[in-house]
Amino acid sequence: MSVALETPQQLTVRTVALPDGRDLLTHLPERTPLAWIRRGEGLVAWGEAARLTLPAESDGSGAERFRAAAHWLSAIMSGADIDDAVGLPGTGPVVFGGFTFDPGSPDSTLVLPRVIVGRRGGRTWLTTVCDRPGAHPSDILTAMTPVRPVGPLHWSEGTLSTPEWGDAVASAVARIRGGDLDKVVLARDAHAEADSDIDARALLARLTRDYADCYAFSVAGMVGATPELLIRREGDAVTSLVLAGTRPRGATCERDGELAAELTGSDKDVEEHGYAVDSLRETLSPLCSAIEVSEEPELLRLANVQHLASPVRATLLPGASTLDVVAAMHPTAAVGGTPTATAMRVIRELEGMDRGRYAGPVGWVDAHGNGEWGIALRCAEIEGRRARLFAGCGIVAGSDPEAELAEADSKFRVMRGALTD
Ligand SMILES: C=C(O[C@@H]1C=C(C(=O)O)C=C[C@H]1O)C(=O)O
């Protein structure tokens, strides 16, 4: 595999405590914004000390890009001279990354930023990454420009029109009923264009406000707020959250409760959720011990939708890395289907689009392997004035195209809201 590498010679990394209680986003400049924020804590970062952009995998097995990324990561981290006065997960050098959903798609990207501001447990820190000892990144002095509103948007349909996507769902249901597979997640896209370049910070401000329980992220142009955590690693402790099974939020308390009861009592949704849990347990078992999943899924209520959710805890086996877990987990049944290989084929055939980094792993990792990786959902790819939004739904034998269209619509709401001033 050929790899576009830009690896600096010797990095000097310094982390200091920052007596600052302001919103993390107030530190973030408009250019190259990186972010990973939940409930006011996490990381914002900018500038680029190093970047890895991976080509499409020719054999499509899916493992090669994670191996290439791990190799690059270890070269970067082991070569760095690190002075970390804080010593928490996320201090020292941190690499942000976003992998494509399909290994056959190019542009999985890893970025080591120049400047990172992080917060955890009320403690705030500043990390700088320089090419020689004693230097200061010039970006740290960047004058902060005010966040620009997005302005009016011109919307257009995505790759498939609404009726075409409904037909794709119906075809998927026919294949499932015919016994080809148990579940497939079908996604669709939508396009928006603003009059001037979109300032990702405006979207992040709304996402962190409206979806505080989700992970708001901005990594190499993908901006969103995902509820779905693949792995959080702190030392050898691993946590994950399986989501599958969705209803909208009700307009009244009573309706909201009815929808929740319908979700938790639905055989179709509980079955779909079960596939995702089984697939995760199976995937984690070679890499982790003491895997614990609660018997029954919980209800996770977000501003736009409610999901069946199963928190998972495990202990990482010695020698296994965060990226090993990410590589093994992707694609989960929550974004691919069951069985995986058949679902991937059906997705390529029926969706008619390249998902890019939507539904791929997105997150960060530090020099000790601590990190958080989620699935890039409820997100859009932002490029200049354009935004490409994505939303997908799990299709099983009992799925109805009309209901899936409505569900995709409620998932689009996250980014439509974020893009609306
Ligand atoms: C695919 C998406 O969401 C996934 C599909 C879900 C479902 O079908 O119920 C629920 C959560 C996610 O695992 C998306 O948001 O685009």
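Residues numbered from 1 in each chain as written. Predicted model: local features only at pLDDT ≥ 70, side-chain atom pairs only at ≥ 80, totals over all residues. Heavy atoms only, no water.

The protein carries the name isochorismate synthase in an unreviewed UniProt entry, which gives Spinactinospora alkalitolerans as its organism. UniProt's Sequence similarities (unreviewed entry) comment on the protein is quoted here verbatim: "Belongs to the isochorismate synthase family." The record held by UniProt for the protein lists under Catalytic activity (unreviewed entry) the comment "chorismate = isochorismate". (UniProt positions renumbered as here; feature names shortened; annotations may be inferred.)

A.B. asks: What should I look at first to understand the UniProt feature "domain: Chorismate-utilising enzyme C-terminal" (unreviewed entry) in the protein in this one?
C.D. replies: Mapped onto this numbering, the UniProt entry annotates "domain: Chorismate-utilising enzyme C-terminal" (unreviewed entry) at residues 163-411. For residues 163-411, the helix share is 35%, the strand share is 36%, and the end-to-end C-alpha distance is 18 Å. (Helix = DSSP H or I, 4+ residues; strand = E, 2+ residues; numbered from the N terminus.)

A.B. asks: Sorry if this is basic, but what is going on with the site of the ligand here?
C.D. replies: Neighbouring the ligand are 18 residues; Glu228, Thr246, Tyr358, Arg378 and Gly392 lie closest to it. Taking Gly245, its main chain carries an N or O atom lying 3.0 Å from an oxygen atom of the ligand. Backbone polar atom of Ala334 to an oxygen atom of the ligand: 3.5 Å apart, as the coordinates give it. Coverage of the ligand by the protein amounts to 99% of the 400 Å² it exposes when considered alone. Those elements giving two or more residues to the shell around the ligand turn out to be strand S16 (237-248), strand S24 (386-395) and helix H8 (401-419). Taken together, the residues that form the shell around the ligand break down as eight nonpolar, five polar and five charged. (Near = heavy atom within 4 Å. Polar contact = N/O pair within 3.5 Å; in protein donor to acceptor, adjacent residues only side chain to side chain. Areas by Shrake-Rupley, 256 points an atom, 1.4 Å probe, with all protein chains shown as cover. Nonpolar A, V, L, I, M, F, W, Y, C, P; charged D, E, K, R; others polar.)

A.B. asks: What's the story with unusual backbone geometry in this structure? I'm lost.
C.D. replies: One can expect most non-glycine residues to show negative phi and most peptide bonds to be in trans. In this structure, the amide linkage connecting His330 to the following residue, Pro331, adopts the cis form with an omega of -5 degrees. With respect to the helices and strands, the residue Pro331 is situated in the loop between helix H6 (322-329) and strand S20 (337-338). With omega at -10 degrees, the peptide bond leading from Thr338 into Pro339 counts as cis. Along the chain, Pro339 falls in the loop between S20 and helix H7 (340-351). In the Ramachandran plot, Thr32 falls in the positive-phi region, its phi being about 45 degrees despite a non-glycine side chain. Within the fold, Thr32 resides in the loop between strand S2 (12-17) and strand S3 (34-38).

A.B. asks: Can you help me understand the pattern of salt bridges in this one?
C.D. replies: Once their charged atoms are close, side chains differing in charge can pair, the charge on each being opposite to the other. Here the structure, examined in full by the defined rule, presents 32 salt bridges. Among the ionic pairs, Arg348 bridges to Asp102, the shortest N-O distance being 2.7 Å. Separated by 246 residues along the polypeptide, Arg348 in helix H7 and Asp102 in the loop between strand S7 (94-98) and strand S8 (108-112) bring together distant segments of the chain. The exposure class assigned to Arg348 is partly exposed, which follows from its relative accessible area of 45%. Among the salt bridges present, the one from Asp256 reaches Arg249, with a minimum N-O distance of 2.6 Å. Each of Lys183, Arg247, Glu262, Lys268, Asp269, Glu272 and Glu404 takes part in one network of salt bridges that share partners. (Salt bridge = Lys/Arg side-chain N within 4 Å of Asp/Glu carboxyl O. Buried < 20%, exposed > 50% of the residue type's maximum accessible area, 1.4 Å probe, protein only.)

A.B. asks: For this particular structure, what's the right way to read the side chain of Glu351?
C.D. replies: Here Glu351 is to be found in helix H7. Taking relative accessible area as the criterion, Glu351 reaches 2% and is therefore assigned buried. Within the structure, Glu351 has its side chain in polar contact with the backbone nitrogen of Ala187 (distance 2.5 Å). Look past the residues within four positions of Glu351 in its chain and what remains in contact with it is Thr159, Leu160, Val185, Leu186, Ala187 and Val346. (Contact = heavy atoms within 4.5 Å.)

A.B. asks: Can you help me understand the pairing of strand S15 (residues 229-234) in this one?
C.D. replies: Regular strands have side chains that alternate between both faces of the sheet. Taking burial as the measure, the six residues of S15 include five buried ones, the bulk of the element. As judged from the four bridges shared by S15 and strand S22 (residues 371-375), these two strands associate in the antiparallel manner. Looking across to S22, one finds that Leu229 is bridged to Gly374. Counting the residues that bridge the hairpin from S15 to S16 gives two residues, and of these Gly235 lies at a positive phi of roughly 65 degrees. (Pairing = 2+ DSSP bridges.)

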